[in-house]
Amino acid sequence: MIALLALLLAADRPVIDLSGGKVQAYPLAIARPLGVQDAGVAVQSALSADFERSGLFKLLDPASFLARPTEGLTGIDYTRWQAVGAQGLVKTSCDAPGGEVKCDMRLYDVAHGVELLHGTYTAPRAAMRQIAHRFGDDVVKYFTHEPGVFQTRIAYVRETEAGKQIVIADQDGASPQPLTGASINLLPAWSPDGKLIAFTSFRDGLGAHIFSADVVSRQIKPLVLMGDFATGAVYAPDGLRFLFSASIDDNTDVYVSQADGSAGRRLTDARGIDISGTWSPDGKRIAFVSERAGTPQIYTMAADGSDVRRLTFQGNYNQEPAWSPKGDLIAFSGRDEHRIFDLYTVAVDTGKVTRLTQNQGTNEKPAWAPNGRYILFSSTRGGKRQIWETQPDGSNQRAVTSERIGASDPAWGPLPPSK
Amino acid sequence: MSESLPPKSVLALEARTPLTPGLVLAVALHVVVFGGALILPRFFDRAPPLRKPIIAKLVALGKPRDPHLLPRKESAPPVAAAAPVSIPSSKPSSAPAVRKREPTRQELMQRALARAAGKTEPRTEEPDPERAGSSTGSAQGTAATAEEGDAYFTAVHDAILENYVVPSVISERERLYLSASVVAFIGPGGQILKHELQKKSGNAFFDQALELAIQRTKLPPPPPEIAKSLRDTGVVLNFKP
């Protein structure tokens with residue numbers, strides 16, 4: 001009896017519930033590179049920039065490091081890294097045989113003194129930043145169990161004296177390469193396999209129509225030449241169809257077509273403008289802008305055009321919807337009561353609208369990263385219109401492009417094929 | 001040989017039923033009653049409902065916002081890299097329709113001092129002298145009185161929360177369902193003698209963050225009435241992100 005009572009009493013420990021811990025970036029040290037210095041420094045520089053932009057890691061100041069300069073990839077004195085506050089440690093050792101760079105990249109858990117990741121990455125010397133992007137994606141995948149986007153590319157419109165051209169660049173804005181000439185080219189959209197970019201162009205001299213360009217060969221061919229104008233192509237997640245808007249007899253509607261531009265079919269038939277269709281990640285629903293209630297608002301409908309539902313009720317000018325890859329949010333730009341366009345998200349389930357930008361110029365044309373962790377947009381803050389990046393809660397806003405005249409209409413390319 | 005027996009005292013006990021069965025019955029009944037009182041509630045009482053925190057935001061003084069307008073951010077965004085220059089545009093001017101009165105130099109100075117002191121605006125109201133609580137209570141506390149030990153557990157909660165950092169590398173989705181329990185044994189001086197990860201979360205970085213929080217926490221000495229229990233039995237810390 002006494003033993004039973006003792007057992008019952010011992011189980012009655014006081015319980016304290018703790019929640020609401022501060023969410024902070026993971027303290028990460030990137031040790032000085034080993035091996036060939038110029039390659040190591042270049043790779044680490046690109047890696048540091050990737051990690052800084054990610055918002056996931058807090059990179060520690062190398063000036064504070066206490067590790068011995070002779071410390072290699074093994075025999076690490078973890079206490080010295082713990083002393084500077086590191087929880088993770090990255091070490092790099094690069095070699096440069098011939099025209100390529102080969103790097104041994106490692107990630108360590110400082111608290112437990114164990115190696116977490118270890119890989120050898122090779123790239124041509126001219127593209128050695130790709131080594132950093134590949135290792136960076138592996139690190140992000142290790143921590144978050146979600147794919148990283150450091151190897152992805154973006155497309156946007158570069159403004160030039162001669163017009164507007166479509167440009168492809170790395171996700172961080174590096175290595176921009178023109179895809180088109182400089183007539184008036186707008187609204188690029190990637191195919192899901194990353195091989196094609198559809199865009200709106202005035203190149204045929206007959207108004208705006210939709211063309212596609214092969215990303216590798218730069219070959220351009222017409223996709224939709226129907227109506228007074230056709231614009232805003234967006235590929236379906238399966239890549240077999242694309243949405244666009246076309247104006248026929250002064251009535252602008254959302255259409256769907258086969259990937260080769262054939263079999264175009266109208267999805268909306270309301271009076272007034274229906275435009276800017278975008279797919280849900282499962283391809284079953286479409287978000288679009290409609291003026292059917294008097295002001296431009298975001299609506300959704302089934303992929304066959306049925307079951308139309310109004311999603312936004314706040315503001316009197318909401319446009320440019322972009323459905324998140326996770327499916328829960330739609331980003332859009334809306335004009336507030338001061339007649340300034342800013343970025344917002346609306347929750348698909350609840351209709352709750354959250355503001356992402358404010359008092360920082362005009363902010364428009366949101367485009368999601370394929371992992372849903374970031375949004376590209378164009379912004380006039382800083383004077384010129386450039387491409388910026390934000391996290392979906394509005395934090396960690398950073399400039400991506402620094403074009404001489406300006407940049408707009410960003411589109412984020414797909415994830416690279418998995419190995 | 002006959003021996004005369006002394007007369008029986010009136011106080012002498014009569015030969016009656018033996019005591020043993022009655023005693024056994026009484027003891028058994030006591031055991032049943034007390035045992036039942038201790039054990040039966042564990043079978044019939046429903047587990048107390050989980051205490052969910054109610055997070056309330058203080059409503060700012062001002063006019064209600066028109067629900068048809070797009071929302072404003074609650075906190076001001078960071079300053080742009082450079083001041084935007086006006087770009088010729090067909091869009092209407094961004095100037096608000098009604099201009100606010102410019103604050104005086106004195107008001108600006110007061111605001112700056114308030115910001116330096118960690119306040120957004122200078123407080124003009126005195127704290128409510130009628131508010132019931134404890135001088136050792138938590139600023140976030142809501143109870144007016146405390147049970148024995150509650151004040152100390154509040155201090156433990158606040159001290160650990162101060163060091164409780166969730167790494168941002170844990171995805172938002174994973175944060176929704178992560179939870180872990182740690183049993184901490186606290187010495188008479190407030191030192192954490194040892195801690196045991198009773199229930200792992202399944203995410204090594206979250207578990208590591210909890211251990212770091214406990215290692216970094218300095219606790220005050222527990223009150224004498226619960227010191228032995230905290231040293232021998234410990235306290236359960238249930239963590240959620």
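Just so we're clear, the structure is a prediction, and the values are computed from it rather than from any experiment.

If you tally the helices and strands in chain B, you get six helices and four strands. Expressed as a percentage of its 241 residues, the buried residues of chain B come to 12%. For chain B, the share of sequence-separated contacts (at least 6 apart) that also reach a separation of at least 24 residues comes to 63%.

What follows is about the overall build of chain A. Secondary structure assignment for chain A yields four helices and 32 strands. Seen through its principal axes, chain A has C-alpha atoms that stretch 80 × 75 × 40 Å. Buried positions account for 47% of the 419 residues belonging to chain A. Partitioning the intrachain contacts of chain A with sequence separation of at least 6 by distance along the chain shows that 41% fall at a separation of at least 24.

Let us look at the interface of chain B and chain A. Taken together, the contacts link 46 residues of chain B with 47 residues of chain A. Put simply, the parts of the chain that give the side of chain B that touches chain A at least two residues each are helix H1 (20-44), helix H3 (150-163), strand S1 (165-167), helix H5 (204-216) and strand S4 (235-239) of chain B. Classifying every residue of the side of chain B that touches chain A by side-chain character gives 31 nonpolar, 10 polar and five charged. As paired strands, strand S2 (residues 22-24) of chain A and S1(B) are joined by three bridges and run parallel to one another. By the bridge assignment, Lys22(A) is partnered in S1(B) with Val165(B).

Fine structural detail should not be taken from predicted coordinates in areas where pLDDT scores are low. All names here are of chain B. Put simply, chain B has an average pLDDT of 71, and 52% of its residues get 70 or more. Mean pLDDT across the secondary structure elements of chain B bottoms out at helix H2 (residues 105-116), with 56, and peaks at strand S2 (residues 180-186), with 94. Here residues 116-125 is modelled with pLDDT under 50, and outside its nearest four sequence neighbours on either side it reaches six contacts, counting other chains as well. Scoring the predicted complex yields pTM 0.75 and, for the interface, ipTM 0.71.

For the rest of this paragraph, the subject is the sheet that holds strand S9 (residues 153-160) of chain A. Reading across from one edge, S11-S10-S9-S32 (chain A) is the order of the four strands in this open sheet, with antiparallel pairing throughout. For this open sheet the edge positions go to strand S11 (177-178) and strand S32 (406-412) of chain A, each flanked by a neighbour on one side alone.

Let us look at the nonpolar core. The nonpolar side chains of a soluble globular protein tend to be buried, and buried together. Of all hydrophobic cores here, the largest spans 71 residues; its most connected members are Ala155(A), Ala189(A), Ile197(A), Ala198(A), Phe244(A) and Ile330(A). Setting aside chain neighbours within four positions, we find Ala189(A) in contact with Ile197(A), Ala198(A), Ala233(A), Val234(A), Tyr235(A) and Ala411(A). Ranked by size, the runner-up nonpolar core spans 54 residues in total, among them Ala86(A), Ile131(A), Val140(A) and Phe205(B).

Residues and elements named next belong to chain A. Looking at the assigned domains, one finds that chain A contains domain 1 (26-144) and domain 2 (153-412). One C-alpha centre belongs to domain 1, the other to domain 2; they are set 36 Å apart. In this assembly, four residues from domain 1 lie in contact with six residues from domain 2. Residue classes in the side of domain 1 that touches domain 2 are distributed as one nonpolar, one polar and two charged.

Residues and elements named next belong to chain A. What the four strands build is an open sheet, ordered S28-S29-S30-S31; its pairing is antiparallel. Each of the sheet's edge strands pairs with one partner strand only, and the pair in question is strand S28 (363-368) and strand S31 (398-399). Where strand S29 (residues 375-379) and strand S30 (residues 386-390) come together, five bridges link them in antiparallel fashion. Residue pairing across strands places Phe377 opposite Trp388, the latter belonging to S30.

Here we take up the packing of helix H2 (residues 37-54) of chain A against helix H4 (residues 129-144) of chain A. To characterise two packed helices, one gives the angle between the axes of the helices and the distance between these axes. Residues and elements named next belong to chain A. The geometry of H2 relative to H4 is characterised by a closest axis approach of 8 Å and an angle of 40 degrees between their N-to-C directions. Classed by the angle they form, the pair H2 and H4 counts as oblique. For the element pair H2 and H4, the recorded crossing hand is right-handed. Listed contacts from H4 to Val43, Ala46, Leu47, Asp50, Phe51 and Ser54 of H2 are Arg129, Ile131, Ala132, His133, Phe135, Gly136 and Val140. Of the residues that constitute the contact of H2 with H4, the class distribution is eight nonpolar, three polar and two charged.

Attention shifts here to the environment of Val348(A). All names here are of chain A. Topologically, Val348 is positioned in the loop between strand S26 (341-347) and strand S27 (353-355). Given 19 C-beta atoms within a 10 Å radius, Val348 is considered partly exposed. Sequence separation between Val348 and Leu329 is 19 residues, and the spatial gap between their C-alpha atoms is 5.5 Å. Sequence-distant contacts of Val348, that is, excluding residues within four places in its chain, are made with Gly327, Asp328, Leu329 and Ile330.

This next bit is on unusual backbone geometry. Note: most residues except glycine have negative phi, and most peptide bonds are trans. Residue and element names in this part refer to chain A. Unlike most non-glycine residues, Asp250 shows phi in positive territory, near 60 degrees. On the secondary structure map, Asp250 appears in the loop between strand S17 (241-248) and strand S18 (251-258). The phi dihedral of Glu320 is positive, around 55 degrees, even though this residue is not glycine. The residue Glu320 is located in strand S24 (residues 318-323) in this model. Accessibility expressed as a C-beta count within 10 Å gives 24 for Glu320, which makes it buried.

Right, let's get into the pairing of strand S15 (residues 220-224) of chain A. Residue and element names in this part refer to chain A. Relative to S15, strand S14 (residues 209-214) runs antiparallel, the two being bridged by four bridges. Following the sheet pairing, Phe211 is matched in S15 by Pro222. Counting the residues between successive antiparallel strands, the hairpin from S14 to S15 contains five residues, one of them, Arg218, with a positive phi of roughly 65 degrees.

To continue, consider H5(B). The terminal C-alpha atoms of H5(B) lie 18 Å apart, and with 13 residues this matches the ideal 18 Å at 1.5 Å per residue to within 8%. When H5(B) is considered as a whole, its buried residues turn out to be Phe205(B), Phe206(B), Ala209(B), Leu210(B) and Ala213(B). Relative to the axis of H5(B), the buried residues are bounded by an arc of 145 degrees and lie together on one face. Buried residues belonging to H5(B) abut H4 of chain A together with H3, S1, S2 and S4 of chain B.

A separate point is the confidence of the model for chain A. For chain A, the average pLDDT comes to 94, and 97% of its residues sit at 70 or higher. Of the regions scoring below 50 in pLDDT, residues 1-10 of chain A engages in four contacts with residues more than four places distant in sequence or in other chains.

This part takes up the environment of Gly234(B). Relative to the helices and strands, Gly234(B) resides in the loop between helix H6 (224-232) and S4. Accessibility expressed as a C-beta count within 10 Å gives 22 for Gly234(B), which makes it buried. It is 9.6 Å that separates the C-alpha atoms of Gly234(B) and Leu193(B), two residues lying 41 residues apart in sequence. Excluding its chain neighbours within four sequence positions, the residues that come into contact with Gly234(B) are Arg13(A), Val183(B), Ala184(B) and Phe185(B).

With that settled, the discussion passes to the environment of Pro64(B). Examined against the element boundaries, Pro64(B) turns out to sit in the loop between H1 and H2. C-alpha of Pro64(B) to C-alpha of Gly202(B): the two residues are 138 residues apart in sequence and 45 Å apart in space.

All names here are of chain A. Within strand S20 (residues 274-279), six of the six residues are buried, which leaves the element mostly enclosed by the surrounding structure. Pairing of S20 with strand S21 (residues 285-290) involves four bridges; the strand directions are antiparallel. Bridged to Thr278 within S21 is Ala287. Adjacent in sequence and paired antiparallel, S20 and S21 are bridged by five residues, among which Gly283 carries a positive phi angle near 75 degrees.

The rules behind the values
Residues numbered from 1 in each chain as written. Chains lettered and ligands numbered in written order. Predicted model: local features only at pLDDT ≥ 70, side-chain atom pairs only at ≥ 80, totals over all residues. Helix = DSSP H or I, 4+ residues; strand = E, 2+ residues; numbered from the N terminus. Buried ≥ 20, exposed ≤ 12 C-beta atoms within 10 Å, placed from the backbone. Contact = placed C-beta atoms within 7 Å. Nonpolar A, V, L, I, M, F, W, Y, C, P; charged D, E, K, R; others polar. Pairing = 2+ DSSP bridges. pLDDT = per-residue confidence, 0-100. Core = buried A, V, L, I, M, F, W, Y, C linked by C-beta atoms within 7 Å. Domains from an automatic or database assignment. Axes fitted to C-alpha atoms, helices over the stretch in contact; angles between N-to-C directions. Parallel < 35°, antiparallel > 145°, perpendicular 65-115°, else oblique. Left-handed = near helix turned anticlockwise from the far one by under 90°. Expected span 1.5 Å × (residues − 1). Arc of directions from axis to C-beta.

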